[in-house]
Amino acid sequence: MKIRVENITEKGKVDDEDLTSDEQRQIFKQWTPNFTRQNHPSVIQVVLENKKDKDISGYILSNLIYVSREKSKSSHHHFKAGALNVLLQVSAAMTNAPILLILDCDMYSNDPETPKRVLCYYCNANFRREYAYIQFPQRFKGINKNDIYGGEFKRVFQIQPMGFDGLGGPNFVGTCCFFSRRAFFGGPTSFVMPEIAELSPNHAPNKPLKSSLALANHVAQCNYENGTTWGYKLGFRYGSLVEDLFTGYRLHCEGWKAIFCNPERAAFLGDAPSNLLDMLNQNKRWAVGVLEIGISSYSSITYGLKHLGILFSLIYSQYHFWTIWSFPITIYAFLPQLALLNNVSIFPKVSESIWFPLYVFLFIGSYGQDFYEFVSAKGTFKMWWNDQRIWTIRGLTCLLFGTIEFFLKTLGISAQGFNVTSKVVDNEQGKRYRQGLFEFGVSSSMFVTLSTAALINLVSFIWGIAQLTFGRNHVERLEMQTLIAGFGMINSWPIYEAMVLRKDKGKMPAEVTIYATLITFGLCLAFSFISSS
């Protein structure tokens, strides 16, 4: 199969000799030369049917149906949520199975016992009446030894869902999740009837699959959902780029519960971005999406508080307002350092502050708790260190830029589209990633802010050490700011390495370094002028 795919890719077309069955020929006949990725009718084809197709041992094969929804430049497709709703509608028309598996295209099954675990839950009638979905954690293969980009997201996918599980259950993370079809049609005690009776979860199809193709093609059309409640009261919910978080949140608000299932052996495995810019762009899209929920009529601080109670709504709020962390991170990355360069103290003297022991306790306590939770989830010290480093990097880049992009979009100045995160890695890039080297390589405005913060921390730390060594009158006033600059400088080592020491293609682009240097110089002059006046 691999050889066939490579040959077809090299030719750029599928010839008749490349097809081995009538089903394949029927599929490719529908793809005419006039089709484009953005403009084509729906294409649905039954490839395997369990009533007639068997494997070489004589065992019945599962149904396999190829689905490509209609695309039109003039229609809004609602990105991933729209695609999931089409699959929900098409599957209802053809098979209407009561349990659905949502799985990203870059993930695969890692444990054949997983369906059995799920059926152990769903065979209980009381469970089916109350629980909308069973969420398995996202786990990844191919992550380098110390996870330099924090790609495992241990807190989001493993630690925090356990806290959710003590209330109404975990949030839906968009993949590795088994749903009850009934959950997409109203709350546990309220049922929303779809416009077409055959799409109801109570409908039992009793016709051959191919006899349902006309209905399946109809619901896969762009204009089918116009004037319906799909995406608002039915199915996956529209209104945010992070449709998974929004859908799970809305289901919880309707009264559904969920459960977190985290077996020792990973149920599914997938790929995480191994390129820094890909990771930041993915997180920026998430930042825009969560703000779309947080600043909406369905905000967790209003709508969520009413339907979920204070504790559950607070847990969702830390997702919906995730991007707010960009403000304190950015302030701590620049303000103490710029003040230090101008001998301006913004903290009280250690000897005069009765609150200083409390500050120390909170700092050590929060980092200690974070470290304990991370190690409890089978992390290591180096993985934890990289994870807290990437947290500050996110605050200075994707969270900050995502917040700005959201408000520009709200003002009608720009529009955000949906881009699939690239997981493709070339050999040289993959080698650098396995070695633990950060991948920069291309120019990005996010790299400029990151490099500027790194340079300011470096210069201010050197200045602070000089003041602590030779300027005794400033010692007690500036030591806290020097420590902060030193902490920032240590975290910025991969950036200094990429700017100065590396010669490979993943080094920091020269123009980014130049821009960052000029901005650093300008900020120092501006702050010096403000402090002197």
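Residues numbered from 1 in each chain as written. Predicted model: local features only at pLDDT ≥ 70, side-chain atom pairs only at ≥ 80, totals over all residues. Heavy atoms only, no water.

Asker: When you look at the nonpolar core in this model, what are you seeing that I'm missing?
Answerer: Of all hydrophobic cores here, the largest spans 58 residues; its most connected members are Tyr149, Leu276, Leu280, Phe438, Phe440, Phe447 and Met508. Ranked by residues supplied to this core, first place goes to helix 17 (residues 445–470) with eight residues. Apart from residues lying up to four places away in sequence, Phe440 is in contact with Leu276, Phe447, Leu450, Pro494, Ile495, Ala498, Gly506, Lys507, Met508 and Pro509. Core analysis: the second largest hydrophobic core is formed by 35 residues, Leu88, Val90, Ala132 and Leu209 among them. (Core = buried A, V, L, I, M, F, W, Y, C linked by side-chain atoms within 4.5 Å. Buried < 20%, exposed > 50% of the residue type's maximum accessible area, 1.4 Å probe, protein only. Helix = DSSP H or I, 4+ residues; strand = E, 2+ residues; numbered from the N terminus. Contact = heavy atoms within 4.5 Å.)

Asker: Explain the packing of aromatic side chains here, please?
Answerer: By convention here, two paired aromatic rings are described through the distance between centres and the angle between planes. Overall, the coordinates contain 40 aromatic pairs when judged by the stated rule. Ring geometry for Phe246 and Tyr298: centres 5.7 Å apart, planes at 70 degrees, overall edge-to-face. Of this pair, Phe246 sits in helix 8 (residues 243–253) while Tyr298 sits in the loop between helix 9 (276–294) and helix 10 (300–308), and the two are 52 residues apart along the sequence. Its relative accessible area of 4% is what places Phe246 among the buried residues. Arranged with centres 5.2 Å apart and planes meeting at 75 degrees, the rings of Phe371 and Trp384 form a pair that is edge-to-face. Residue Phe371 is located in helix 13 (residues 356–376), and its partner Trp384 is located in helix 14 (residues 381–396); the two are separated by 13 residues in the primary sequence. Judged by relative accessible area, Phe371 falls into the partly exposed class, the value being 30%. Its relative accessible area of 6% is what places Trp384 among the buried residues. Members of the aromatic cluster, connected to one another through ring pairs, are Phe363, Tyr367, Phe371, Phe381, Trp384, Trp385 and Phe487. Taking the ring centre of Tyr298 as reference, the NZ or CZ of Arg250 above it sits at 4.1 Å. (Phe/Tyr/Trp six-rings, centres within 6.5 Å; stacked < 30°, edge-to-face > 60°. Lys NZ or Arg CZ within 6 Å of the ring centre and 35° of its normal.)

Asker: When you look at the environment of Gly186 in this model, what are you seeing that I'm missing?
Answerer: With respect to the element layout, Gly186 can be found in the loop between strand 6 (177–180) and helix 7 (213–219). Judged by its relative accessible area of 4%, Gly186 falls in the buried class. The spacing of Gly186 and Ser444 is 258 residues in sequence and 44 Å in space, taken between C-alpha atoms. Leaving out residues up to four positions away in the same chain, Gly186 has contacts with Val192, Lys233, Glu254 and Trp256.

Asker: Explanation requested: unusual backbone geometry in the structure shown.
Answerer: As a rule of thumb, non-glycine residues mostly have phi less than zero, and peptide bonds are mostly trans rather than cis. Non-glycine residue Asn96 carries a positive phi angle of around 55 degrees. Here Asn96 lies in the loop between helix 3 (79–94) and strand 3 (99–102). With a phi angle near 65 degrees, Lys378 is a residue other than glycine that sits in the positive phi range. On the secondary structure map, Lys378 appears in the loop between helix 13 and helix 14.

Asker: Before we go on, may I ask you to explain the packing of helix 14 against helix 15 (residues 398–410) in this structure?
Answerer: Contact geometry of helix 14 with helix 15 gives a least axis separation of 3 Å together with a crossing angle of 25 degrees. As the angle between them shows, helix 14 and helix 15 are arranged roughly parallel. Residues Trp391, Arg394, Gly395 and Leu396 of helix 14 pack against Cys398, Leu399, Leu400 and Phe401 of helix 15. Class assignment for the residues of the contact of helix 14 with helix 15 results in six nonpolar, one polar and one charged. (Axes fitted to C-alpha atoms, helices over the stretch in contact; angles between N-to-C directions. Parallel < 35°, antiparallel > 145°, perpendicular 65-115°, else oblique. Nonpolar A, V, L, I, M, F, W, Y, C, P; charged D, E, K, R; others polar.)

Asker: Any chance you could explain the packing of helix 6 (residues 154–165) against helix 13 here in plain terms?
Answerer: Their axes nearest at 10 Å, the elements helix 6 and helix 13 cross at an angle of 90 degrees. Regarding the angle of helix 6 to helix 13, the classification is roughly perpendicular. Residues Lys154, Arg155 and Ile159 of helix 6 lie in contact with helix 13, whose contacting residues are Asp370, Glu373 and Phe374. The class makeup of the residues in the contact of helix 6 with helix 13 is two nonpolar, no polar and four charged.

Asker: What is the right way to look at the pattern of salt bridges in this model?
Answerer: Here the idea is simple: oppositely charged side chains can pair when their charged atoms come close. The final tally for this structure, using the stated rule, is 16 salt bridges. The partner of Glu113 in a salt bridge is Lys116, and the shortest N-O contact between them spans 3.3 Å. Relative accessible area serves as the criterion here: at 37%, Glu113 is assigned to the partly exposed category. Salt bridges here are not isolated pairs; linked through shared partners, they connect Arg432, Glu439, Arg502 and Asp504. (Salt bridge = Lys/Arg side-chain N within 4 Å of Asp/Glu carboxyl O.)

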